[in-house]
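# Residue-level structural notes
Here are the chains, one letter per residue:
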Amino acid sequence: MTRRNWVALDNASNIFLAARSEIDPKVFRISAEMAEEVDPEVLQRALDLTFDRYPLYHAVLRRGVFWYYLQDSDLRPRVRPETGCPCSPIYQPDRRNLLFRVLYRGRRVMVEIFHALSDGTGALWFLTDLVDTYCGLRGTADHQMGSGAVPGPGPSDRAAFVPRTTAELRGTGSAGEPVHELTTDSFAYYFRRHRRAARSTPSPGGEAFRRAAAPAVLSVRDPDPRGATSRRHRRHLLGHGVYQVRGTLTPDNRPRVVELTMDAGPVLALARGHRVGLTIYLTALFLEAVRLSSPGLGRATTLTASVPVNLRQFFSSTSARNFFATIRVGHRYGREADDIDAICRDLDDQFTPSATREALEQKLRRLIRLERLAPLRIFPSPLKDVILRLINWGNNRGLTVAVSNLGLVRLPEASESQVGRMMFHTVAVRPQFCAVTHAGRLTISFTSPFIQTGHVKEFVRLLTREGVDVTVAVSRVTEAELGLVGLRGEHHRRPNAEGRSHRRRLTGRGAHRSRIGGGVHR
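Conventions used here
- Residues numbered from 1 in each chain as written.
- Predicted model: local features only at pLDDT ≥ 70, side-chain atom pairs only at ≥ 80, totals over all residues.
- Heavy atoms only, no water.
- Buried < 20%, exposed > 50% of the residue type's maximum accessible area, 1.4 Å probe, protein only.
- Helix = DSSP H or I, 4+ residues; strand = E, 2+ residues; numbered from the N terminus.
- Pairing = 2+ DSSP bridges.
- Phe/Tyr/Trp six-rings, centres within 6.5 Å; stacked < 30°, edge-to-face > 60°.

Two faces belong to every sheet, and in a regular strand the side chains alternate between them. Strand β7 (residues 108-114) sits mainly inside the fold: seven of its seven residues count as buried. Alternating positions in β7 separate into two faces, Arg108, Met110, Glu112 and Phe114 on one and Val109, Val111 and Ile113 on the other, with burial throughout. Across seven bridges, the pairing between strand β2 (residues 27-34) and β7 is antiparallel. Its bridge partner being in β7, Phe28 is matched across the sheet by Ile113. Pairing analysis gives six bridges linking strand β6 (residues 100-105) to β7, with the strands arranged antiparallel. Across the sheet, Tyr104 pairs through a bridge with Val109, a residue of β7.

Below, the structure written as structure tokens:
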């Protein structure tokens, strides 16, 4: 490959570039907690091997006159100890650098990614291969390595992450290694209206990197009639004031991270008791926690949440690039019942009809048609950034919080026992939580640009009242917590103490007496 190889950004990535800011640099982190202290030399060897299997991750981001594009590079990543704040900016317009980083601290291996490169599922694939390769090199797992073989998951292991129908898409007859190339734009493949003529496999000269994908058309069935009801319901919600969380920003824009760890079984049982999935149940708790921690909703009686949906569940894709859609759900307080069960039913009635193949396909086709409008295509990229920024600002006005759940993660069998908890979080302009389950442990990571953590305190109370034991770890963000009084402006040079400042296990009424980071919503 050469550095001349390039491909335009996929549909979902453009908004991340336009909407990034000092508070929200559009970076997220996925971590794995190993059984032993991380060996940086072995981790570097594992990264070198994994990196070679992910051509997409070789890319740097460039801006042309009319669009942003990913360009192949000869840069190589280096593992680094974690010394800064989590999810610090990665993309810088005046620098030519890779769009991800690999960090380590103690027993944790962390991958941080600029969201324009990949989504949570794509990053999870990368971390999984990295950790599995690391375990093989450390000799802590019984890997089957043939002569000259690269350690890593085989087809049977990958099946836990990629739908088996991926094999049909690729025409391989089995679920092999995913295609992590610059050219795989699943948005274009599924949702452009016209299909171009098929082309032969391009030579290494760069043709493969000059086209996003060979787009195909799927037959569009009539949209689910419940989708129209859901859209009317959301318009009804947005017709009333949407509550916005306010607070005191952290001194240097580092996110406040609160990490909750608990057994997954009891929480899943609670969700089943309300006849909803785990994501909807946790979202209902989140909205109620925000209400309880607020000084009063006033006229803004509607609380809403943005919930991402992994489109690979509906459209087979092995692309590690962004391939997700978001669904907005909400609850208006004071209209009918406001207990947790009523909130769960309200959210589920909105989410379920919107999370179907038919509803998502119709929505995304509209977005693609808008993106391909000729007048918009001739706008220079700085003007497009302004337009997308305004659209993002308008969208944010209708949101209270955001959530993301990667679901249950199963690692390759040989390395499964070498990994304990897995963690996932992202920075945002509003309170957000990210959840992931591994080895029977559910980790919910709350992030916020504010120092206050009242909504997390109430969230924990709601769980402990139901008998769920929760372990809480809170990051340090203020000068007093960091021990940097008088050293303003040097925070970025000092070690981050994420998850080390406040840590306790809360059971039953203990949560009511606990102080989590101090402060409430203002």
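Structure shown, so let's carry the discussion forward.
In this structure the tally under the stated criterion is 16 aromatic pairs. Considering the side-chain rings of Phe28 and Phe424, the 6.2 Å spacing of their centres and the 85 degrees angle between planes classify their relative orientation as edge-to-face. Taken together, the residues span a long stretch of sequence, with Phe28 in strand β2 and Phe424 in strand β12 (residues 419-426) at a distance of 396 residues. Looking at Phe424, the relative accessible area reads 6%, which means it is buried. Between Phe286 and Phe433, the ring centres sit 5.4 Å apart and the planes meet at 45 degrees, which makes this aromatic pair tilted. Of the two residues, Phe286 sits in helix α9 (residues 278-293) while Phe433 sits in strand β13 (residues 432-438), which places them 147 residues apart along the sequence. For the pair Phe286 and Phe433, one class covers both residues: buried. Here the aromatic residues Phe51, Tyr54, Tyr57, Phe100 and Phe126 are joined through ring pairs into a cluster of three or more.

What follows deals with unusual backbone geometry. At Asn253, a residue that is not glycine, the phi angle is positive and equals roughly 70 degrees. Inspection of the secondary structure assignment puts Asn253 in the loop between α7 (225-238) and β8 (256-263). Here the phi dihedral of Ala439 falls at roughly 55 degrees; this positive angle occurs in a residue that is not glycine. By the element assignment, Ala439 lies in the loop between β13 and β14 (441-448).

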